[in-house]
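# Topology and contacts: notes
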Amino acid sequence: AQKVTQAQTEISVVEKEDVTLDCVYETRDTTYYLFWYKQPPSGELVFLIRRNSFDEQNEISGRYSWNFQKSTSSFNFTITASQVVDSAVYFCALSVFSGTYKYIFGTGTRLKVLA
Amino acid sequence: EAGVAQSPRYKIIEKRQSVAFWCNPISGHATLYWYQQILGQGPKLLIQFQNNGVVDDSQLPKDRFSAERLKGVDSTLKIQPAKLEDSAVYLCASRFSGQVKNIQYFGAGTRLSVL
C-alpha cells in the first residue's frame, strides 16, 4: 500500500527565515512520482514541483528547493527567505501506476509566515 | 490557457437535500478527477474519468454519490441525499493523458456545507 506522511501539522516562521517542509512516503513500486502542491486560502491546489523515482538530483528553482532521498523515502521541500505570500497549506503527493495513475496525498502542512 | 473551472464556489444545503457540482477541465485534458477534501485532510479521490469512461470509482459512496462526463469534456458530481459528513471541499482536477510529466491541475473547488 502507498502512504504519504507529513508529520508537521503547522509551522510558523518570521518573514525572511528559511523553512523546510518534511515528507515521507511509502511504496513498493520502483517507478513513482512525487509532487508538492500549494493550497492558498483561495482553495486551488497549485502545482509546485515534481520528481520521478529515477531522478534524485536535487534542484533549486528561485526560492524553492527540494531534497529527494530514496534511501530514507523522503522528499523535503525548502523555501528560502520566506515571504508572507508563502502562507498556505502545502501538500506532498505520491503517484504510482496501477492500470492508471493514482495519487495519494499527505495531510498537509500549514505554513504561516509572519511579517 | 484557461485553468480548471468549477461552480459553484460555495453551497449550503440541509441534510437529505440534493446538490450538484460542475467541472470544466483544461482543454484537451482527457483525464478528469473528483476529490473530496475534508477540513484538515488531504484530497481523497472519489472518481476518475478517462474521456467519458470511468477508470476508478472504488472510493465513491455509490449509494448517494454519482458522477458523469457524458461528452468527455465537462463533468457533474451529484450527492443525493446529502449527509452532515459530506461537508467538505470538492475539487476537480484534470491531466493531459500521455503527459510525461504526469501533472494534475486543480480547480478552486466547491465548498459544501451540510446543515
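Attention now goes to the sheet that holds strand S3 (residues 19-24) of chain B. Residues and elements named next belong to chain B. Read from one edge to the other, the open sheet built from four strands follows the order S1-S3-S8-S7, with strand pairing classed as antiparallel. With one partner strand each, in any of the chains shown, strand S1 (5-7) and strand S7 (65-68) form the two edges of the open sheet. Across the sheet, the mean angle separating the axes of adjacent strands is 15 degrees when strand polarity is ignored. Relative to S3, S1 runs antiparallel, the two being bridged by three bridges. Residue pairing across strands places Ala 5 opposite Asn 24, the latter belonging to S3.

Here we come to the interface of chain A and chain B. Opposite the 19 residues of chain A that make contact, chain B presents 21 residues. Of the roughly 1,600 Å² buried between chain A and chain B, counting both surfaces, carbon and sulfur atoms make up 50%. The largest per-residue losses of area from chain A upon contact with chain B belong to Leu 45, Tyr 103 and Phe 105 of chain A, which jointly make up 30% of the total buried on that side. Linking chain A to chain B there are one salt bridge. Across the pair Lys 102 of chain A and Asp 56 of chain B runs a salt bridge whose closest N-O atoms are separated by 2.5 Å. Here chain A is connected to chain B by six residue pairs in polar contact (both at pLDDT 80 or more). Put simply, the parts of the chain that give the side of chain A that touches chain B at least two residues each are strand S5 (33-39), strand S6 (46-52), strand S10 (88-97) and strand S11 (101-105) of chain A.

Here we come to the pairing of S7 of chain B. In terms of strand pairing, S7 of chain B meets strand S8 (residues 75-79) of chain B through four bridges, oriented antiparallel. Across the sheet, the residue bridging to Phe 65 of chain B is Ile 79 of chain B, located in S8 of chain B.

Of all hydrophobic cores here, the largest spans 25 residues; its most connected members are Trp 36, Phe 75, Phe 77, Tyr 90 and Leu 111 of chain A. When residues of this core are traced back to their parent elements, those giving at least two are strand S2 (10-14), strand S3 (19-21), S5, S6, strand S8 (64-69), strand S9 (74-79), S10 and strand S12 (109-114) of chain A. Of the residues forming this core, the biggest block, five residues, is contributed by S10 of chain A. Among all residues touching Phe 77 of chain A, those that are not within four sequence positions of it are Val 19, Thr 20, Leu 21, Trp 36, Leu 48, Ile 49, Tyr 64, Ser 65, Trp 66 and Tyr 90 of chain A. Core analysis: the second largest hydrophobic core is formed by 21 residues, Val 4, Leu 32, Leu 46 and Ala 82 of chain B among them.

We now examine the packing of aromatic side chains. Residues and elements named next belong to chain A. Taken as a whole and judged by the stated rule, the model has 21 aromatic pairs over all chains. Taken together, a centroid distance of 6.0 Å and an interplanar angle of 50 degrees make the contact between Tyr 37 and Phe 105 tilted. Of this pair, Tyr 37 sits in strand S5 while Phe 105 sits in strand S11; the two residues are 68 residues apart in sequence, bridging distant segments of the chain. Exposure class is identical for Tyr 37 and Phe 105. Each is buried. With a centroid separation of 5.1 Å and an interplanar angle of 70 degrees, the aromatic rings of Phe 97 and Tyr 101 are classed as edge-to-face. Overall, the relative accessible area of 18% leaves Tyr 101 in the buried class.

Residue and element names in this part refer to chain A. As for its placement among the helices and strands, Asp 86 is situated in the loop between S9 and S10. For Asp 86, a relative accessible area of 1% translates into the label buried. Polar side-chain contacts of Asp 86 include one of 2.8 Å to the backbone nitrogen of Gln 83. In contact with Asp 86, not counting residues within four places along its chain, are Lys 38, Arg 63, Tyr 64, Ile 79, Leu 111 and Val 113.

With that settled, the discussion passes to the environment of Glu 68 of chain B. All names here are of chain B. Inspection of the secondary structure puts Glu 68 in strand S7. For the pair Glu 68 and Ile 47, spaced 21 residues apart in the sequence, the C-alpha separation amounts to 9.7 Å. The residues contacting Glu 68, other than those within four sequence positions of it, are Phe 49, Asp 74, Ser 75 and Thr 76.

The next point concerns unusual backbone geometry. Cis peptide bonds are those with omega within 30 degrees of zero, and the linkage from Ser 7 of chain B to Pro 8 of chain B qualifies with -5 degrees. By the secondary structure assignment, Pro 8 of chain B is in the loop between S1 and strand S2 (10-13). Here Gln 80 of chain B and Pro 81 of chain B are connected by a cis peptide whose omega angle stands at -5 degrees. Structurally, the position occupied by Pro 81 of chain B is in the loop between S8 and strand S9 (88-95). Even without glycine at this site, Lys 16 of chain A takes up a positive phi of about 85 degrees. Mapped onto the elements of the fold, Lys 16 of chain A is located in the loop between S2 and S3.

Procedures and definitions
- Residues numbered from 1 in each chain as written.
- Chains lettered and ligands numbered in written order.
- Predicted model: local features only at pLDDT ≥ 70, side-chain atom pairs only at ≥ 80, totals over all residues.
- Heavy atoms only, no water.
- Pairing = 2+ DSSP bridges.
- Helix = DSSP H or I, 4+ residues; strand = E, 2+ residues; numbered from the N terminus.
- Axes fitted to C-alpha atoms, helices over the stretch in contact; angles between N-to-C directions.
- Contact = heavy atoms within 4.5 Å.
- Buried area = accessible area lost by both parts, 1.4 Å probe.
- Salt bridge = Lys/Arg side-chain N within 4 Å of Asp/Glu carboxyl O.
- Polar contact = N/O pair within 3.5 Å; in protein donor to acceptor, adjacent residues only side chain to side chain.
- Core = buried A, V, L, I, M, F, W, Y, C linked by side-chain atoms within 4.5 Å.
- Buried < 20%, exposed > 50% of the residue type's maximum accessible area, 1.4 Å probe, protein only.
- Phe/Tyr/Trp six-rings, centres within 6.5 Å; stacked < 30°, edge-to-face > 60°.

Just distances and angles here, no functional claims.
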